[in-house]
Amino acid sequence: MDSRRSLRTVIDPKVRQVGFFAPPERTNSGQTEPISASSSSSPPVTEISPSGNSLSPVMIPPPRHSSDSRPVPVVPNPHSPLRRESIAAGSSYNPSDFFPPTMSPTAPSSFAGRVGVGYGGEYTDDVVVSSPGRAVRGSSVKASAASSLPSGGFDLRALRASSVPASELTTVSTVVKLPPGIADKAGGASGGVQNDRPANSKPAKERSTKAERRALQEAQRAAKAAAKAEGSKLPASATSAVNVKPAKATRAPSQKNDSISVAASEKKAGDRLPDKDRKKDVPQPRMQYDDKSRVEKAKRRAMVNQTEATNRVELFRHLPQYEHGTQLPDLESKFFQLGPVHPAVYKVGLQYLSGDISGGNARCIAMLQAFQEAIKDYSTPPEKSLSRDLTTKISSYVSFLIECRPLSISMGNAIRFLKSRIAKLPLTLSESEAKALLQSDIDRFISEKIILADKVIVKHAVTKIRDGDFLLTYGSSSAVEMILLHAHELGRQFQVVVVDSRPKLEGQLLLRRLVEKGLKCTYTHINAVSYIMHEVTRVFLGASSVLSNGTVYSRVGTACVAMVAHAFRVPVLVCCEAYKFHERVQLDSICSNELGDPDAISKVPGREETNCLDDCAKSEKSTKGEKLQYLNLIYDATPSDYISMIITDYGMVPPTSVPVIVREYRREHLWI
Amino acid sequence: MWWRSASFILDKQHQDDAASSSKLETLSLSPPPHSSSMAAEAFQNPNSNPKISAYYQTRAAHHAVVTSDWLAQAQAAVGRYPEDQAPPEADGPTGSEPEKPFSVIDEFNNWRKQPDLAEAVAAIRALAAVIRASEATTMMELEIELKKASDSLKSSDTTSISLTAGCDLFMRYVTRTSALEYEEFNSAKSRLIERAEKFGEISYKARRIIAMLSQDFIFDGCTILVHGFSRVVFEVLKTAAQSKKLFRVFCTEGRPDRTGLRLSNELAKLDVPVKLLIDSAVAYTMDEVDMVFVGADGVVESGGIINMMGTYQIALVAHSMNKPVYVAAESYKFARLYPLDQKDMAPALRPIDFGVPIPSKVEVERSARDYTPPQYLTLLFTDLGVLTPSVVSDELIQLYL
């Protein structure tokens with residue numbers, strides 16, 4: 001056994017040889033390793049650590065706008081080149097340094113920081129250190145790009161047209177061609193950068209803790225205020241960071257050692273990677289909305305002025321809750337003003353706000369397409385580099401979207417993907433090429449990770465539907481709908497129970513579509529689920545996300561349905577695309593959730609007279625008003641015990657295998 | 001389906017009516033696209049009755065104490081479908097036989113008849129024979145040929161999980177070994193054949209590894225319950241006996257092919273104290289049992305196992321009495337299947353001998369295997385190590401994706 005386990009580290013995991021393979025061959029496959037390693041795993045992919053991402057999809061972070069971020073300059077500074085570089089490294093390295101320390105680290109700015117520019121990783125350090133050079137190169141390239149812009153723009157449009165997800169097969173084949181070259185280039189580029197690194201290494205700032213960062217921020221702000229003192233302050237902050245460094249340095253080797261056995265079996269892409277992954281693992285605190293001072297500060301920066309709901313449930317005070325429907329007209333009127341947010345993104349944000357777009361996949365696709373538009377119209381401002389400026393841009397868009405509605409985990413993953421792509425753009429690309437590349441990347445993400453994944457899920461799930469089955473589904477999941485329709489097309493004889501719940505009643509839409517296609521349906525509310533369950537043979541559920549302990553994070557009520565099904569020993573099948581998997585672990589649905597419109601609970605649509613609770617709730621300041629609080633949760637967490645199987649684009653797996661997929665494929669998610 | 005509420009009895013009747021009218025066309029639709037070649041191969045299959053599982057027949061022939069009335073019963077069972085009984089010789093000349101002098105399935109069945117050879121080994125040897133007989137000149141052609149052969153082999157006996165897993169493993173080796181692509185064709189071909197030849201040895205080695213691993217779990221004075229005859233479990237017990245461990249074995253009878261009798265014979269030869277139980281006495285004796293040892297026909301993605309009928313109930317009883325259930329299975333039995341419940345597998349039937357004639361109106365449950373969900377299993381002993389059930393999926397994902 002021991003020999004077997006240790007040998008495994010040598011073998012390329014993708015052609016892992018179980019049982020059947022003889023020891024001699026192992027050496028053989030070891031020989032082939034370099035080939036596969038160089039082709040399949042390229043260093044840059046692995047350097048972004050998704051595990052470090054602690055962006056909470058359901059939190060509203062304090063917003064950050066380009067109006068804020070624009071003033072973040074590479075500090076104008078007439079000193080020697082060396083000095084200039086160090087300042088650039090220090091400041092750009094961590095854009096949020098320029099924001100008030102109260103800013104929540106979960107904000108998209110920090111997200112940007114992690115993925116694009118990076119807080120603490122060596123990788124990001126590489127990028128940043130080389131960035132002055134890059135900026136120079138970028139600007140020199142830009143001049144030529146500007147002259148050749150018309151043709152570039154044309155290409156770009158053609159590319160877009162060809163890769164519309166509707167015609168998957170051709171698109172995918174054309175699109176799939178792209179990455180190797182890109183990968184090679186990126187790998188080469190970053191490799192070169194890494195080689196440069198020891199020479200001009202500037203490691204002092206990279207590994208500061210939050211407190212030190214804050215100290216640094218304060219120092220820098222002070223430096224800015226007293227502009228003359230700037231020259232002396234910065235070295236001071238640098239030395240303070242240097243003091244931190246030795247401790248980290250001593251810790252790093254041990255981390256490396258114990259992680260090598262793990263990491264080597266994972267990927268042998270580079271021995272520097274694993275400890276990098278680990279260093280970013282430190283979770284960052286989320287924005288807690290019961291912290292008044294922080295909320296105040298966050299609000300000052302907000303562009304969508306949401307009014308806080310009054311009567312809030314004590315247990316959920318840490319979640320943002322706003323009066324619904326108050327700010328929409330105001331925002332709509334601003335649509336035609338020239339704001340910092342791209343109109344396409346603005347539109348999508350309003351659609352989120354009004355609830356016109358809902359559902360994990362739909363929201364994610366809408367967001368990505370809006371970003372695509374924004375990238376198309378983007379042009380790098382003078383004296384900035386595309387990768388960094390675009391990242392800040394995207395971050396500001398994201399924070400706008402979050403103000404409209406908290407991100408879903410799927411969107412968080414998609415944003416992470418986009419930012420990692422931007423960060424890894426080869427330096428040699430001209431602006432138009434880079435933009436075209438990004439747009440095609442987005443198209444590829446949509447078609448491969450969402451549309452094709454759904455097709456694969458349908459293919460797998462249909463094998464579990466037999467003639468005479470009685471299937472139950474809850475709410476309205478696009479994947480489940482496709483499965484049911486496909487099984488019906490195949491001529492399977494089965495019936496569907498659509499279980500629904502107030503206040504959204506999404507099941508009715510699903511029911512309408514199913515009945516139109518001729519399926520035999522039963523419609524009931526969740527109150528009756530225990531009654532109907534013993535006739536049911538399979539439960540199909542959608543999911544907003546699957547967390548790595550197998551917990552399914554989904555529309556509120558799912559846990560209830562799954563629990564009842566488990567009690568009746570009915571298999572529960574969860575259909576979820578792998579891009580929605582997340583490495584976070586969550587044990588309950590309290591600590592992170594989304595609050596919906598509280599009034600929706602008391603109101604019955606179409607029957608305004610049945611609002612007998614209104615006088616209780618609305619009479620503000622009265623004792624009654626304080627005693628009645630509405631809680632309208634959007635999501636809940638289903639423990640993995642209740643789940644029989646998760647159907648994903650990698651096949652049908654037990655919930656215990658979610659971390660395996662996250663571990664084996666997260667790089668691929670970022671890379672495609 | 002088990003309809004518990006009255007309203008569905010009506011529905012079921014509706015469905016039955018609909019089903020009986022549509023049955024004919026669904027039957028004609030069901031075979032896979034390459035049905036012409038399938039039909040030809042079906043004739044070559046000695047076990048031409050598709051309802052009887054060839055895999056379990058072979059097992060019975062290898063491990064069972066076969067009585068004469070069992071044979072008579074089997075004959076009668078096969079006799080119920082006289083239209084399938086056409087002897088292969090009669091169809092050979094008229095069918096596609098002359099154009100196809102070599103048949104994987106014949107080859108496979110030859111290998112399969114050897115009692116010590118695992119099913120997957122037989123499959124891979126048959127595929128090696130395909131490579132040898134092949135006239136392909138490029139790797140691509142050979143791959144296509146192999147793919148065809150393995151598909152027909154798999155469809156010849158859908159009930160055998162290790163056959164499917166063996167074919168998949170070998171195909172995976174062929175398609176994914178990048179070394180093969182850079183080699184000259186002939187050397188690649190000989191490498192493949194060599195690999196296939198080695199597989200038998202590997203399978204034997206796997207059994208030895210499992211036996212060694214499981215020694216730590218067998219302590220002096222323990223009582224082990226085993227079900228049916230499994231080569232791996234026998235190897236485990238034999239190794240334990242040879243290393244002078246003192247333990248007692250309870251063997252179930254293993255109806256209907258009585259494989260337990262054979263195991264008890266073999267163990268008695270090794271001077272291990274054996275007690276034979278009828279299958280229904282499992283719960284009665286579970287108090288005295290310290291651990292349950294079973295083999296597996298297949299280990300599925302969920303970490304559960306598919307094994308001879310009766311394993312599930314033994315696991316349930318053991319679970320409810322907090323006794324550990326250990327499974328001994330080679331890693332080539334890992335299959336990318338995910339049954340949700342007992343009926344979620346392709347049916348594998350076999351004839352059952354009740355000793356007395358059964359009236360025709362009485363239905364007989366003839367399934368040969370059941371599925372034991374992972375929550376009732378404690379550990380799996382495989383040549384990859386001692387695994388918890390949830391690791392199986394990990395291994396499968398790494399192997400097949």
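Residues numbered from 1 in each chain as written. Chains lettered and ligands numbered in written order. Predicted model: local features only at pLDDT ≥ 70, side-chain atom pairs only at ≥ 80, totals over all residues.

Chain B is annotated in an unreviewed UniProt entry as Translation initiation factor eIF2B subunit alpha of Trema orientale. Turning to chain B, the UniProt record has this under Subcellular location (unreviewed entry): "Cytoplasm, Cytosol". The annotation that UniProt attaches to chain B under Sequence similarities (unreviewed entry) is "Belongs to the eIF-2B alpha/beta/delta subunits family." (UniProt positions renumbered as here; feature names shortened; annotations may be inferred.)

In the annotation of an unreviewed UniProt entry, the entry for chain A reads Translation initiation factor eIF2B subunit delta, and the organism field reads Trema orientale. Recorded in UniProt under Sequence similarities (unreviewed entry), the annotation for chain A is "Belongs to the eIF-2B alpha/beta/delta subunits family." As recorded by UniProt, the Subcellular location (unreviewed entry) comment attached to chain A reads in full: "Cytoplasm, Cytosol".

**Details of the overall build of chain B**
Within chain B, the regular secondary structure consists of 16 helices and 10 strands. For chain B, the proportion of its 401 residues judged to be buried stands at 43%. (Helix = DSSP H or I, 4+ residues; strand = E, 2+ residues; numbered from the N terminus. Buried ≥ 20, exposed ≤ 12 C-beta atoms within 10 Å, placed from the backbone.)

**Some points on the sheet that holds strand β9 (residues 635-638) of chain A**
Residues and elements named next belong to chain A. Strand order across the open sheet formed by four strands is β8-β5-β6-β9, with mixed pairing between neighbours. The outermost strands of the open sheet, each flanked by one partner alone, are β8 (581-582) and β9. Inspection of the sheet shows strand β5 (residues 545-547) paired to β8 by two bridges, in the parallel sense. If you follow Val 546 over to β8, its bridge partner there is Phe 581. Each of β6 (552-555) and β9 is contacted by helix α24 (residues 558-567), which is oriented at about 30 degrees to β9, the strand it contacts most. (Pairing = 2+ DSSP bridges. Contact = placed C-beta atoms within 7 Å. Axes fitted to C-alpha atoms, helices over the stretch in contact; angles between N-to-C directions.)

**Thoughts on unusual backbone geometry**
Cis geometry marks the peptide bond from A:Arg502 to A:Pro503, where omega comes out at -5 degrees. Take A:Pro503: it is sitting in the loop between β2 (494-500) and α22 (506-516). Cis geometry marks the peptide bond from B:Arg255 to B:Pro256; its omega dihedral reads 0 degrees. Within the secondary structure, B:Pro256 is located in the loop between β2 (247-252) and α13 (259-269). For A:Arg569, which is not glycine, the phi torsion reads 60 degrees and is therefore positive. By secondary structure assignment, the location of A:Arg569 is in the loop between α24 and β7 (572-575).

**Regarding the sheet that holds strand β8 (residues 369-372) of chain B**
All names here are of chain B. The sheet built from three strands is open, its strands ordered β5-β6-β8 with antiparallel pairing. The sheet is open, and its two borders are formed by β5 (298-299) and β8, each paired with just one other strand. Relative to β8, strand β6 (residues 305-308) runs antiparallel, the two being bridged by four bridges. Bridge assignment links Ile 305 to a residue of β8, and that residue is Thr 372.

**With respect to the nonpolar core**
Ranked by size, the top nonpolar core spans 197 residues in total, and within it A:Leu401, A:Val574, A:Cys575 and B:Leu127 carry the most contacts. The element that contributes the greatest number of residues to this core is helix α20 (residues 431-462) of chain A, accounting for 12 residues. Sequence-distant contacts of A:Cys575, defined by excluding residues within four places in its chain, comprise A:Ile457, A:Ala461, A:Ser477, A:Ala479, A:Val480, A:Ile483, A:Phe540, A:Gly542 and A:Ile647. In this structure, B:Tyr55, B:Tyr56, B:Met308 and B:Met309 belong to the second largest nonpolar core, which totals seven residues. (Core = buried A, V, L, I, M, F, W, Y, C linked by C-beta atoms within 7 Å.)

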